[in-house]
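# Survey of secondary and tertiary structure
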Amino acid sequence: MKSIKVSSPSNIALIKYWGKRDEKLNLPLNSSVSITLGEEMSVISELKFYEGKGNDRIVVNGRELEETEVGDYAGRVMNKIRELYGNVFLEAVSYTNFPVGAGLASSAAGIAGIVVGANEALHLNLSKREMSILSRIGSGSACRSVFGGIVIWYRGNSGEGSDSYCEQLFPPEHWPLKVIVGIVKESRKPISSRNAMLRVNTSQLLHCRLKTIEDDVMKLVETIKSRDKANFYRIVMKHSNNMHAVILDSWPPVLYLNEISFEIMQWVLENGDMAYTFDAGPNPYIICESDSVNKVVNFLSNIGAKPIVTGVGSGPKILE
Ligand code: ADP
Ligand code: DP6
């Protein structure tokens, strides 16, 4: 048995992944860019890899995942690892310091942690690029959590996914942005990103989104490079709205944002000098520089959204 302890972060997409060109391999319709979050939004996993045949088992915050939940996410990663290594199975115990299944990308953090941990414990000698590809097969957004800083996931064109991988664009020190996550709702989402995404082709707006999205990725990267705050915040908010517009335009639509989400959007727009973005849930991620953190925290606390202050993190870490 080989055991290892890993800390792996969640990430928040600035230009979002929504829609796939291949469901089994999680190949996306578009490239995406994200911020890897800090330790405040991480999963700590104790991983035990046993030689031989057995079922992969995962306990997250004291709840054992159903066989199908494991199979659809981490199980896909373990099947690839078995192809590389031979018979081996996983027993994992994970703890998150944020709610799971609420659209806060616990799957991304957990899966990236399993890949990074397996690479170390089983001496797989995978490059970070290969680890991002392996994580992507478990859950698309997980591939971005393999790297720290600001990360790009290239859409790629090939049918087998070798060119759909991630890279770090900027290290955390390039622009030490803060991200304040507001926990508006801790309950599970009405429908998982994976299932909701399957409906994307029913949206007419999707075609419009895809026409400009690769150019928008390049524009966003330029604003980060030059730390052009105003244009960076504008593109980030537009792209959160854009994904949610497509989700609303799909059939049946999914109502991820709620009344409090809209109140928060309004407040951010009125204040300026910051941006909001939302994944598949009502919880806001407010991005700003250090001098605005207190203001954001006070506002979120006053409206009953529990704030978690984090920032640009340095990626997964092997702990023991
Ligand atoms: P979230 O938005 O929190 O990522 P999802 O519903 O999209 O929620 O994903 C939840 C799935 O992610 C679970 O069904 C489970 O299979 C997987 N998952 C979550 N946490 C972990 C973890 N720590 N290790 C492995 N898989 C995990
Ligand atoms: C809204 O990565 O959870 O967070 O690949 O099916 O596992 P699967 O989907 P998942 O979708 C994430 C969607 C998102 C946007 C993003 O993170 O880019």
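Residues numbered from 1 in each chain as written. Chains lettered and ligands numbered in written order. Predicted model: local features only at pLDDT ≥ 70, side-chain atom pairs only at ≥ 80, totals over all residues. Heavy atoms only, no water.

## A short note on helix α8 (residues 259–271)
The end-to-end C-alpha separation of α8 is 19 Å, in line with the 18 Å expected for 13 residues at 1.5 Å each. Tucked inside the fold, the buried residues of α8 contact α7 (229–249), β13 (275–277), β14 (285–288) and α9 (293–302). Immediately beyond the C-terminal end of α8, within one or two residues, lies G272, with a positive phi of roughly 70 degrees. (Helix = DSSP H or I, 4+ residues; strand = E, 2+ residues; numbered from the N terminus. Expected span 1.5 Å × (residues − 1). Contact = heavy atoms within 4.5 Å.)

## Here's the deal with the packing of aromatic side chains
All told, the structure shown has eight aromatic pairs when counted by the stated rule. Relative to F299, the ring of W267 lies with its centre 4.0 Å away and its plane at 0 degrees, an arrangement referred to as stacked. Pair noted here: W267 is in helix α8 and F299 is in helix α9, with a separation of 32 residues, a long-range link. On the basis of relative accessible area, F299 is assigned to the buried category, the value being 11%. Aromatic ring contacts, followed pair by pair, group W175, F232 and Y233 into a single cluster. Taking NZ or CZ as reference, R194 lies 3.9 Å from the ring centre of Y73, over its face. (Phe/Tyr/Trp six-rings, centres within 6.5 Å; stacked < 30°, edge-to-face > 60°. Buried < 20%, exposed > 50% of the residue type's maximum accessible area, 1.4 Å probe, protein only. Lys NZ or Arg CZ within 6 Å of the ring centre and 35° of its normal.)

## Focus: the nonpolar core
Membership of the largest hydrophobic core comes to 51 residues, with the highest contact counts inside it found for L14, I35, L220, F232 and I287. Residue contributions to this core reach at least three from each of two domains, namely domain 1 (2–172) and domain 2 (178–311). Apart from residues lying up to four places away in sequence, F232 is in contact with L14, W175, L177, L220, T223, I224 and I287. In this structure, A92, L126, A196 and V246 belong to the second largest nonpolar core, which totals 48 residues. (Core = buried A, V, L, I, M, F, W, Y, C linked by side-chain atoms within 4.5 Å. Domains from an automatic or database assignment.)

## As for the sheet that holds strand β12 (residues 178–183)
Within a sheet, each strand pairs with its neighbour through backbone hydrogen bonds, oriented either parallel or antiparallel. Spatially, four strands are ordered β13-β14-β12-β15 in an open sheet, and the strand pairing comes out antiparallel. Since the sheet does not close on itself, it has two edges, and those belong to β13 and β15 (306–311), each with one partner. Each strand axis lies, on average, 25 degrees off the axis of its neighbour in the sheet, ignoring direction. With four bridges connecting them, β12 and β14 associate as antiparallel partners. Across the sheet, the residue bridging to I180 is I286, located in β14. Here α9 sits on the sheet in contact with β12, β14 and β15, set at roughly 5 degrees to β12. (Pairing = 2+ DSSP bridges. Axes fitted to C-alpha atoms, helices over the stretch in contact; angles between N-to-C directions.)

## A closer look at α9
Considered for burial, the residues of α9 that qualify are V293, V296, F299 and L300. Within α9, the buried residues cover an arc of 135 degrees as seen down the axis, which keeps them to one side. Turned more than 90 degrees from where α9 packs its buried face, N294 and N302 sit exposed. Its buried side turned inward, α9 meets β12, α8, β14 and β15. Residue G304 follows α9 closely and has a positive phi angle near 85 degrees. (Arc of directions from axis to C-beta.)

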